[in-house]
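# Understanding the architecture of this molecule
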Amino acid sequence: MKKVTKIGVLTSGGDSPGMNAAIRAVVRTGIYHQMEVFGIMRGYQGMIENDIIPMHSRSVANIIQRGGTILKTARSKQFMEPEGRKIAYENLKKHEIDGLVIIGGDGSFRGAQKFSNEFDIPCIGLPGTIDKDIAGTDFTIGFDTAVNTAIEAIDKIRDTADAHDRMFIIEVMGRDAGYIALHSGIATGAEHILIPETKTDIELVVESLIEKERRKKLVNMIVVAEGDEIGGANELSAVLKERIPMLDTRVCILGHIQRGGAPSCLDRVIASRLGYAAVEALIEGKHNQMIGVMNNKLHYTPLDKAVKAKQKVNAEWLKIVKILAS
Ligand code: ADP
């Protein structure tokens, strides 16, 4: 087993709050173990462009509380091609980097998987995504902050919805995963929560709104994930306006505010724990694993399994939504 002595850390794909806390943990744990640590700028693109900088303990001072990522992030088309990955490898060799920590989502892990199959560099993935759509972990870095940002916004919308007896359709992020919608909807008492994981029965939604109207139950909010098959909030609003013309509805799309902002305590703590664990894993000779947390214990999943399986939405949650909104 080769001893890993020089490691690179990068953030890739969509940014998520808490990535900085993870970078800080990787850098400081590496330095604690007398390793050299390099920051790779703008994800895989920086690897290809040799935008690789030495990191010191002070380089990560005062970042644990900041959203975004000091290493920047990007999507790299070139890295999708074998030629691009070869250039990236040659650049790592120039710096003698012999281990990588990739903080990103399933796309980034797919890239890491290919890269490590082609070249002899162990890769450790840390789940950094607001969508929480990665198997093998109960948490992803950024989800807790994003969902808290969403509920803060939805609570505000609820005030005005209530004042006007108006219904709001609120669109939250989640192209393939409904976790932000599910959690923020439950936490704010939404009437319906529409997510990509389940088939949306628009007839049921219409019927239930008409029935609630009949018994004068105030209905003020539907939360829809942007990737629901009905479309986003605008599409849903158009359908409901046509079907129930007397309903006074407004649309609010929360958008990118869900990505930014200071990470929550949970995201900072998880990111710190995972960043530390990533370096320990490289020292122990682990390679091509994603590290997550399950049942409050570190959990290792081979990168290829982490990208193939998505987290499933527990059917009981959906039952809870229905019962609590009745
Ligand atoms: P996320 O990691 O947030 O899911 P993306 O899906 O955009 O974000 O992936 C981030 C980057 O990972 C891509 O821009 C690309 O460079 C790399 N990547 C994604 N999929 C692959 C793949 N199949 N092969 C090689 N690289 C990939």
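Above this text is the structure in question.
This write-up is about the structure you can find in this document.

Cut-offs applied
Residues numbered from 1 in each chain as written. Predicted model: local features only at pLDDT ≥ 70, side-chain atom pairs only at ≥ 80, totals over all residues. Heavy atoms only, no water. Buried < 20%, exposed > 50% of the residue type's maximum accessible area, 1.4 Å probe, protein only. Helix = DSSP H or I, 4+ residues; strand = E, 2+ residues; numbered from the N terminus. Pairing = 2+ DSSP bridges. Right-handed = clockwise from strand over helix to strand, strands pointing away. Axes fitted to C-alpha atoms, helices over the stretch in contact; angles between N-to-C directions. Contact = heavy atoms within 4.5 Å. Phe/Tyr/Trp six-rings, centres within 6.5 Å; stacked < 30°, edge-to-face > 60°.

## Quick notes on the pairing of strand β2 (residues 36-40)
- The element β2 is extensively covered by neighbouring structure, given that 4 of its 5 residues are classed as buried.
- For strand β1 (residues 6-11) and β2, the ladder comprises 5 bridges, and the chain directions are parallel. For glycine 8, the partnering residue across the bridge sits in β2 and is phenylalanine 38.
- Following the backbone out of β1, through helix α1 (residues 19-32) and into the adjacent parallel β2, one traces a crossover that is right-handed.
- With 4 bridges connecting them, β2 and strand β3 (residues 52-55) associate as antiparallel partners. Residue isoleucine 40 lies in a different strand from β3, and its bridge partner there is isoleucine 52.

## Observations regarding the sheet that holds strand β10 (residues 289-294)
- Taken in spatial order, the 7 strands line up as β3-β2-β1-β4-β5-β10-β11 in an open sheet, and their pairing is mixed. Edge strands, defined here as strands with exactly one partner in the open sheet, are β3 and β11 (297-302). The average undirected angle you get between the axes of adjacent strands in this sheet is 30 degrees.
- Those strands touched by α1 are β1, β2, β3 and β4 (99-104), and its axis lies near 165 degrees from that of β4.

## Section: the packing of aromatic side chains
- The tally for this structure, following the rule as stated, stands at 4 aromatic pairs.
- Geometrically, the ring pair formed by tyrosine 44 and phenylalanine 79 is stacked, given 3.8 Å between the ring centres and 5 degrees between the ring planes. You can see tyrosine 44 sitting in helix α2 (residues 43-48) and its partner phenylalanine 79 sitting in the loop between β3 and α3 (82-94), a full 35 residues away along the chain.
- When its relative accessible area of 3% is taken as the criterion, phenylalanine 79 is described as buried.
- Here the aromatic rings of phenylalanine 115 and phenylalanine 119 are separated by 5.3 Å at their centres, their planes lie at 50 degrees, and the arrangement is tilted.
- On the basis of relative accessibility, which here comes to 1%, the residue phenylalanine 115 falls in the buried class.

Remember, this is a structural readout, not a statement about activity or role.
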